[in-house]
Amino acid sequence: MPRIPVFAANWKMHKTVLETVAWIREFAALSKALSADAAEIIVAPPFTAIAAAAETARTATVCVAGQNLHFEREGAFTGEVSGAMLKDAGADFVIIGHSERRRLFGDTDAWVNRKLIAARLAELTPIVCIGETLEERERGETLAVLDRQLKSGLDGSSGDQIASLILAYEPVWAIGTGKNATAAEAGEAHTHIRKRLREWFGGAHGDRCRILYGGSVKPENIRELIGLEDVDGALVGGASLEARSFAAIVQNAQ
Ligand code: PGA
């Protein structure tokens, strides 16, 4: 079964409700010719704009994701949002373990695992981010770091759950720096991730999981990245803030 490519826009802490609605309308107008079988499009606005995004996206073939969730369903966790709340607001996906969460807010592999379980309970499709820092790459630890993040982050998952999961390989040194991984670097990481998924969760399941590349993806570099066998789309930060450049990324990948 072919893997339908996924293009996800991670807006981070950007955009008001009005800006969100305008972006989705503009993107829909720009990508009218795009068929749903050609690509799945996901936007991850800030929590405050999820409901408006979901409402606007109903008539555009765009799905909505949260950028994070707490692993409890409810409780005394000031400032946090649960999977059930994201689902209630209209999200169908959620990003888990983004490197900014890991670096700035202390998310660990164990937390990623708990959040993954919580996402599934809330019927949200998880987009789990993994990736090495520059220091880890320079020490030759890239593949070992990916193994650790995959092993603890995905612990307890069934083959079917892996098949429906979205993973994002995002080398930390490439995020927001304008310096994307080369095709050789991305190819090595993606092939390794696929190999591990096949070994640990079964060949057929590992083959169905979509693995996105993230880190300074732009209209100019998507074609080379998407051409790699195990790259099934992109998680885009900076270049997703303008509907026009995100639409160009999706278009150039076809
Ligand atoms: P970037 O961000 O495209 O701005 O590098 C990617 C991400 O953080 O998901």
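A brief report on the enclosed structure follows. (Residues numbered from 1 in each chain as written. Predicted model: local features only at pLDDT ≥ 70, side-chain atom pairs only at ≥ 80, totals over all residues. Heavy atoms only, no water.)

### Here's the deal with the site of the ligand
Piece 1. Near the ligand you find 13 residues, and of these Lys12, His98, Glu170, Gly176 and Ser216 are the closest.
Piece 2. Between the ligand and the protein, one listed contact pairs an oxygen atom with a side-chain N or O atom of Glu170 at 2.7 Å.
Piece 3. Against a free-state accessible area of 280 Å², the protein chains account for coverage of 96% of the ligand.
Piece 4. Split into classes, the residues belonging to the shell around the ligand amount to four nonpolar, seven polar and two charged. (Near = heavy atom within 4 Å. Polar contact = N/O pair within 3.5 Å; in protein donor to acceptor, adjacent residues only side chain to side chain. Areas by Shrake-Rupley, 256 points an atom, 1.4 Å probe, with all protein chains shown as cover. Nonpolar A, V, L, I, M, F, W, Y, C, P; charged D, E, K, R; others polar.)

### As for unusual backbone geometry
Piece 1. A positive phi angle, near 55°, is found at Lys12, a position not held by glycine.
Piece 2. For Lys12, the location among the structural elements is in the loop between strand E1 (6-10) and helix H1 (17-30).
Piece 3. For Lys12, a relative accessible area of 21% corresponds to the partly exposed category.
Piece 4. Phi angles above zero are rare outside glycine, and Lys15 is one such case at about 90°. (Helix = DSSP H or I, 4+ residues; strand = E, 2+ residues; numbered from the N terminus. Buried < 20%, exposed > 50% of the residue type's maximum accessible area, 1.4 Å probe, protein only.)

### Things to note about the packing of aromatic side chains
For any pair of aromatic rings, the description rests on two quantities: the centre-to-centre distance and the angle between the ring planes.
Piece 1. In this structure the tally under the stated criterion is six aromatic pairs.
Piece 2. Ring centres of Trp23 and Phe246 lie 5.6 Å apart, and the angle between their planes is 45°; on these two criteria the pair is classed as tilted. A residue pair is termed long-range when its members are at least 10 positions apart, and Trp23 in helix H1 and Phe246 in helix H12 (residues 243-252) qualify at 223 residues.
Piece 3. Taking relative accessible area as the criterion, Trp23 reaches 3% and is therefore assigned buried.
Piece 4. Ring centres of Tyr169 and Tyr213 lie 6.3 Å apart, and the angle between their planes is 55°; on these two criteria the pair is classed as tilted. Remark: Tyr213 occurs in strand E7 (residues 210-214) and Tyr169 occurs in strand E6 (residues 166-169); sequence separation between them is 44 residues. No difference in accessibility class separates Tyr169 from Tyr213, as the two residues are buried.
Piece 5. The ring of Phe71 is capped by Arg114, whose NZ or CZ atom sits 3.9 Å from the centre of that ring.
Piece 6. Lying across the ring of Trp200, Lys151 places its NZ or CZ 4.1 Å from the centre. (Phe/Tyr/Trp six-rings, centres within 6.5 Å; stacked < 30°, edge-to-face > 60°. Lys NZ or Arg CZ within 6 Å of the ring centre and 35° of its normal.)

Coordinates in, geometry out; function isn't part of it.
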